[in-house]
6 protein chains.
Amino acid sequence: MSVVITDPPRVAIETAKAFASYGVATVHEAQGRTGLLAAYMRPIYPGAKIAGSAVTVSIPPADNWMLHVAVEQCQAGDVLVVAPTSPCDTGYFGELLACSLAARGVLGLVIEAGCRDVAALTEMRFPVWSKAVSAQGTVKETLGSVNVPVVCAGQLVHPGDLVIADDDGIVIVPRAAAEEVLCKSEARERKEEQTRARLQAGELGLDIYGMRERLAEKGLTYRRAAES
Amino acid sequence: MSVVITDPPRVAIETAKAFASYGVATVHEAQGRTGLLAAYMRPIYPGAKIAGSAVTVSIPPADNWMLHVAVEQCQAGDVLVVAPTSPCDTGYFGELLACSLAARGVLGLVIEAGCRDVAALTEMRFPVWSKAVSAQGTVKETLGSVNVPVVCAGQLVHPGDLVIADDDGIVIVPRAAAEEVLCKSEARERKEEQTRARLQAGELGLDIYGMRERLAEKGLTYRRAAES
Amino acid sequence: MSVVITDPPRVAIETAKAFASYGVATVHEAQGRTGLLAAYMRPIYPGAKIAGSAVTVSIPPADNWMLHVAVEQCQAGDVLVVAPTSPCDTGYFGELLACSLAARGVLGLVIEAGCRDVAALTEMRFPVWSKAVSAQGTVKETLGSVNVPVVCAGQLVHPGDLVIADDDGIVIVPRAAAEEVLCKSEARERKEEQTRARLQAGELGLDIYGMRERLAEKGLTYRRAAES
Amino acid sequence: MSVVITDPPRVAIETAKAFASYGVATVHEAQGRTGLLAAYMRPIYPGAKIAGSAVTVSIPPADNWMLHVAVEQCQAGDVLVVAPTSPCDTGYFGELLACSLAARGVLGLVIEAGCRDVAALTEMRFPVWSKAVSAQGTVKETLGSVNVPVVCAGQLVHPGDLVIADDDGIVIVPRAAAEEVLCKSEARERKEEQTRARLQAGELGLDIYGMRERLAEKGLTYRRAAES
Amino acid sequence: MSVVITDPPRVAIETAKAFASYGVATVHEAQGRTGLLAAYMRPIYPGAKIAGSAVTVSIPPADNWMLHVAVEQCQAGDVLVVAPTSPCDTGYFGELLACSLAARGVLGLVIEAGCRDVAALTEMRFPVWSKAVSAQGTVKETLGSVNVPVVCAGQLVHPGDLVIADDDGIVIVPRAAAEEVLCKSEARERKEEQTRARLQAGELGLDIYGMRERLAEKGLTYRRAAES
Amino acid sequence: MSVVITDPPRVAIETAKAFASYGVATVHEAQGRTGLLAAYMRPIYPGAKIAGSAVTVSIPPADNWMLHVAVEQCQAGDVLVVAPTSPCDTGYFGELLACSLAARGVLGLVIEAGCRDVAALTEMRFPVWSKAVSAQGTVKETLGSVNVPVVCAGQLVHPGDLVIADDDGIVIVPRAAAEEVLCKSEARERKEEQTRARLQAGELGLDIYGMRERLAEKGLTYRRAAES
């Protein structure tokens, strides 16, 4: 039942890097509003932004043994994605594992559980998105699996899928869709730039998006406060 | 049922500005411990402080159409206050809407739901107090109302009420009470300044507030650890 | 029932100070994974780190009278630890009490309830770990006790116990164990330093900790993605 | 600030009684999807159903003194609605207060806080909708108000408003709208009865509501599993 | 993007029925502790037990249009499994939809959202497992998909997978594994029956499972209270 | 570190049995409002009521090995009290362990974690108070301790303490205080019986408790609705 899948296909590094300009919200919209992890997954410090290929870990509750196994499967540009088999806020991950991952060029960690050594991780700028911060340690007794499909924070993640994370949260782009979603993200961003400029100049979304007619059709009415 | 009330009376800009020196806790105390929104409403970045007139929005779950309608009703010095008709953490608000509000001189947003583009909002210093951060997008299908009374995070807010928000949370001052609460906030602050100086000099609250006698009456006793 | 125990034995100041180099996670591990408060206790600003002797307060819900009593029992190097007798998120503590504690050399506050004046506390660098931030005020009607054993955020705390708090949370070291836990923390830190260096140089935990054999015994298997 | 308003206008008893046949969901729909309390308000036992005029109480946290004051303001057919001024799960209400209310013909209690003596309340069939069950007692030190407007579980309630509660939760009907909402509830129920019969006979909602065309317009497509 | 997959393969009715004797905990164990939905999914009344093939629905927040579409895809022995695309507690489902499903022989509903008409559903014994009970209604504006893979309460569900639900929660058995898991459940149950008899007769698990030696090896020690 | 303390002193069986007539709320009041476990501990079925001596278990997260060890330490009239060393909702306990405990005359279980086989436990009337219901299984790898002091749901429990649990929750009475709290519970009950009769007869608490004068002193005012 416990297996480590080695060398899964990954998103090309250049493709992943090209996502650097696009936020999680943009990518999520660009791929049709799918792939978002639950909002309780929060970054341990503000301002981090990563995009890389998922190395996935299915892990028992309160037991971080498989993280050590997973490190060996990671390479530069990867993002470790960890999902416990039952809900758990224990601190699976800290500074030492971060040193090990950073030494291999791993970009960051997404874990639906707890993380510790937050001060050290912040200082070394190793970003983590987690469900909790907890100093509580784990044991090393029970196996799990590496690079199998996992459900992490409500989202199905396959090894090699693209993981994009920033202050808004985390979005998963299926590996096969990465190029297409990149194009759509670029297109969306270009369009938003124009809209942004018009909004900053004082134009209204009501006019830019042509909403007034449909609002009236739906029955929206206006009344001066004095009359109310 | 869906209506936009235009040009409601507002708190005078100078009055609102005068609240700049007083924190949410001070104002909340000054008006008799009323008007506080629920503690799950948190700022998206630390250090923001605003005071302005409420433009209120009653909005359907996961549908941000009415925010575009509301923008047009906002003017310089306003604060947008948004309450969904059923609980919802979806990301109703992001950078584009913030650009539009900022262009009109709106001071910030209070929303009992989700907000996204947090990195961009932080960079442009457009403050938001929300129940969640979520990249999840909304649809534009269903109407709501603007400038009607709403219950936001457990507090009744009328359009034109004064909204004060800082790192402690958000407090609502009814428009008609703004001048009086300003006076009381000033008085409270003056008094606290004196107390602060005495406490910093090492005097005890027990003595400054004369609490010892009433504590003894209630039956408080002291015992040395050795005796216990 | 309401009592103030004065002058309980404390951890020696130099012992407490020596803990400055060790994080909460390290100390928690060093004493056998005990003493950790619940993960919902969070610092009001990042980067604070304290270690000092507990002055404990058992306090009624939404009533902060006993905090004023407790201040008098505090001395330099202490940490105030406050536990309500029933769950309560009200803002028991703010800037004035912090001024009073700071004037006495108190290092910080741990409170399983709410805290307010967060902006001011951040500016004066008086650290607080709390369950909530709330501007909601309290009354002064009902007694409690000072320097009695309390359960705070799931952990038993005796007056004079050592309290260590950082970005990861809070751990309690029983007073009698402080010296021993200090030694064990030092030992653990020294060992981790060596491991850290090896991990940063690219060695794997799998090899450093000699895990491969036991993993194989438990049945871990490897399979190339192509074969899967 | 603390006031008891006596003899507020109420909904006519016969009107309230006529709501007995309509569930909370029906009434909520009938009045345009407004007036619903938050879903965390749950009945202490299944199967209760009440409809009566609100006697409202604004009450301090963990202090039930004003409940005793409120009892005197209650009459047959009333429902007591209690909202603490800050969040609190303490057990404000138990068997003795229930005996007192039952003796006056009060139909039940809605409280955004805790309730206790659940076994006794269940046996005497005095229904309570609460946010928590907790044996934790309260003090009697601080005043509040009776029959003022309160926000309870996210909903504004005026004294004399109609309160309807069942296993689905609680809905408030403004007093002035009670007759109209009763008519609309009756109409809705009649219509639903016909639909129910058709659905039970195996007709599809797709056909009864004529949804197929609009679904197709929106772009819904069908595909056999074999083809997918 | 919105699609209805018709006639997906299902688990054989007799296989599903054979699971009637095995509880969710047994099946979950029998298939290696996988497939369990999150513990916040609760039955609306106690004592229900179902096992049937999943018809899955991916549905927008606060919009139940696709449930009407899904009904037509259901047949006798099915279980409807509904997952919103973003978190939502709104009451998507009530008595009328239940009548429609019951008329087709559907066994029950699993929905990671809200349900209403709980009293009526209880009376007609149509079981629902949901995240919330809420009378709040939904709109019918936005499409979703039927019989596509969904993540529901943290678990991946394919159309045609076996859904087993009882008072303990819900477990998913992949369609292809149903026969094997049935065998393993039977075997487990047989073994547990023997163990149960021995435990009821007063034998200890320590002896039945032969745990004493391994406990001693791990270092477990016994001490009489008098000595402690 | 892992130890089993055998034969701790217990509360006399007759004393424990005498508590049968007093609910948790009564006992909690009788001993000065102490000893109550957190309100998230809920019974798995309504109507159960137990009072017995605690056998305590400190247990690792998601590992129920020590429960088997604890069974042997239990005797007739005991209540098993289980506290994980870090927060965990996993299903530690089910039908088989219940059979084993029931065979020894154990009255019930209090566990700050998950429980499963709820339908079977309900049928055999073995009451459990837990934080969650979850079918998720546990491992048997790591030791804990039996009959050491534990903090369970915010309350310190020593082995041999009296545990009283009903629909309102759970209260702990220290062993040495059991006789005294029994007397006080009896006295309180007698007094409440008289009050209950007077309240049922229509007298007001305001008069029975003589509250009117103090309310007036505090400033409570009455105003007819017509005047407001």
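How each quantity is defined
Residues numbered from 1 in each chain as written. Chains lettered and ligands numbered in written order. Predicted model: local features only at pLDDT ≥ 70, side-chain atom pairs only at ≥ 80, totals over all residues. Heavy atoms only, no water. Contact = heavy atoms within 4.5 Å. Phe/Tyr/Trp six-rings, centres within 6.5 Å; stacked < 30°, edge-to-face > 60°. Helix = DSSP H or I, 4+ residues; strand = E, 2+ residues; numbered from the N terminus. Buried < 20%, exposed > 50% of the residue type's maximum accessible area, 1.4 Å probe, protein only. Lys NZ or Arg CZ within 6 Å of the ring centre and 35° of its normal. Buried area = accessible area lost by both parts, 1.4 Å probe. Salt bridge = Lys/Arg side-chain N within 4 Å of Asp/Glu carboxyl O. Polar contact = N/O pair within 3.5 Å; in protein donor to acceptor, adjacent residues only side chain to side chain. Nonpolar A, V, L, I, M, F, W, Y, C, P; charged D, E, K, R; others polar. Least-squares fit on C-alpha atoms with pLDDT ≥ 70 in both. Axes fitted to C-alpha atoms, helices over the stretch in contact; angles between N-to-C directions. Parallel < 35°, antiparallel > 145°, perpendicular 65-115°, else oblique. Left-handed = near helix turned anticlockwise from the far one by under 90°. Expected span 1.5 Å × (residues − 1).

Asks: Would you mind going over the arrangement of the chains with me for this structure?
Replies: A gap remains between chain C and chain E, which never touch, and the nearest two C-alpha atoms on either side lie 15 Å apart. Taking C-alpha atoms as the reference, chain B and chain F come no closer than 15 Å and do not contact one another.

Asks: Even after reading the chapter, I still don't get the packing of aromatic side chains, so can you show me in this structure?
Replies: Each aromatic ring pair is specified by the distance between its two centres and by the angle formed by the two planes. All names here are of chain A. Per the counting criterion, the structure on display carries 6 aromatic pairs over all chains. With 5.9 Å between their ring centres and 25 degrees between their planes, Phe 93 and Phe 126 make a pair best called stacked. With a gap of 33 residues between them, Phe 93 in strand β5 (residues 91-93) and Phe 126 in the loop between α5 (118-123) and β7 (128-133) connect regions that are remote in the sequence. Phe 126 matches Phe 93 in its accessibility class, with the two residues each being buried. Positioned over the ring face of Tyr 40 is Lys 131, at 5.9 Å from the centre of the ring.

Asks: I tried to follow the interface of chain D and chain B on my own but got confused; where do I start?
Replies: Accessible area lost upon the coming together of the parts serves often as the stated size of an interface. Chain D puts 8 residues into the contact, and the matching count from chain B is 8 residues. For the chain D and chain B pair, buried surface summed over both sides reaches about 610 Å², with 63% attributable to carbon and sulfur atoms. Area buried by chain D at its contact with chain B is led by Met1(D), Val151(D) and Leu156(D), which between them contribute 46% of it. Remark: the boundary between chain D and chain B carries 2 salt bridges. In this structure, the salt-bridge partner of Glu141(D) is Lys218(B), at a minimum N-O distance of 3.2 Å. One can count 2 residue pairs in polar contact (both at pLDDT 80 or more) joining chain D with chain B. Taken together, the residues of the side of chain D that touches chain B sort by class into 3 nonpolar, 3 polar and 2 charged.

Asks: I would appreciate a short explanation of the relation of the copies chain D and chain B in the present structure.
Replies: Two chain copies here: they are related by a rotation about an axis and a translation along the same axis. Mapping chain D onto chain B calls for a rotation angle of 180 degrees and an axial translation of 0.0 Å; the resulting RMSD is 0.0 Å. The operation mapping one copy onto its partner corresponds to a two-fold rotation axis. Relative to the rotation axis, the C-alpha of Gly154(D) is the closest in chain D, positioned 2.4 Å from it.

Asks: Which parts of the structure should I look at to understand the packing of helix α3 (residues 65-73) of chain D against helix α4 (residues 95-103) of chain D?
Replies: A packed helix pair is summarised by two numbers, namely the angle formed by the two axes and the spacing between the axes. Residue and element names in this part refer to chain D. Axis separation between α3 and α4 bottoms out at 9 Å; the angle between their running directions is 15 degrees. Considering the angle they form, α3 stands roughly parallel to α4. Every pair of crossing elements has a handedness; the one defined by α3 and α4 is left-handed. Residue-level contacts link Leu 67, His 68 and Val 71 of α3 to Leu 97, Ser 100 and Leu 101 of α4. Residues that form the contact of α3 with α4 fall into these classes: 4 nonpolar, 2 polar and no charged.

Asks: So what exactly am I meant to see when it comes to the interface of chain A and chain C here?
Replies: Each partner contributes residues to the interface: chain A has 36 residues there, and chain C has 35 residues. Between chain A and chain C, the buried area comes to about 3,100 Å², and carbon and sulfur atoms account for 59% of it. At the junction of chain A with chain C, the criterion picks out 5 salt bridges. The partner of Arg214(C) in a salt bridge is Glu141(A), with the nearest N and O atoms 2.7 Å apart.

Asks: Help me understand the relation of the copies chain A and chain C in this model?
Replies: With an axial shift of 0.0 Å and an RMSD of 0.0 Å, the rotation relating chain A to chain C amounts to 120 degrees. What we have between these two chains is a three-fold relation.

Asks: So what exactly am I meant to see when it comes to helix α6 (residues 178-200) of chain F here?
Replies: Three- or four-residue spacings in an α-helix give side chains the same orientation, since the helix completes a turn every 3.6 residues. Between the first and last C-alpha of α6(F) there are 32 Å, a value that for 23 residues agrees with the 33 Å anticipated at 1.5 Å per step. When we look at burial in α6(F), the residues that qualify are Ala178(F), Val181(F), Leu182(F), Ser185(F), Glu189(F), Glu192(F), Thr195(F), Arg196(F) and Leu199(F). Of the surrounding secondary structure, the elements contacted by the buried residues of α6(F) are α4 of chain D together with α1 (13-18), α2 (24-30), β12 (169-173) and α7 (205-208) of chain F. Gly202(F) occupies a position one or two residues after α6(F) and carries a positive phi of about 105 degrees.

Asks: Honestly, the side chain of Thr6(C) in this entry has me stumped. Any pointers?
Replies: Within the secondary structure, Thr6(C) is located in strand β1 (residues 3-6). Those residues in contact with Thr6(C) that lie beyond four places of it in its chain are Tyr222(B), Arg223(B), Arg224(B), Ala225(B) and Gln73(C).

Asks: Would you mind going over the pattern of salt bridges with me for this structure?
Replies: A side chain of one charge can pair with a side chain of the opposite charge when the charged atoms of the two come close. Under the criterion given, the structure shown has 84 salt bridges over all chains. One salt bridge connects Glu29(A) with Arg33(A), and the closest N-O pair in it is separated by 2.9 Å. Residue Arg10(E) is joined to Asp78(E) by a salt bridge in which the shortest nitrogen-to-oxygen separation is 2.7 Å. Of this pair, Arg10(E) sits in the loop between β1 (3-6) and α1 (13-18) while Asp78(E) is found in strand β4 (residues 78-84), placing the two residues 68 residues apart along the sequence.

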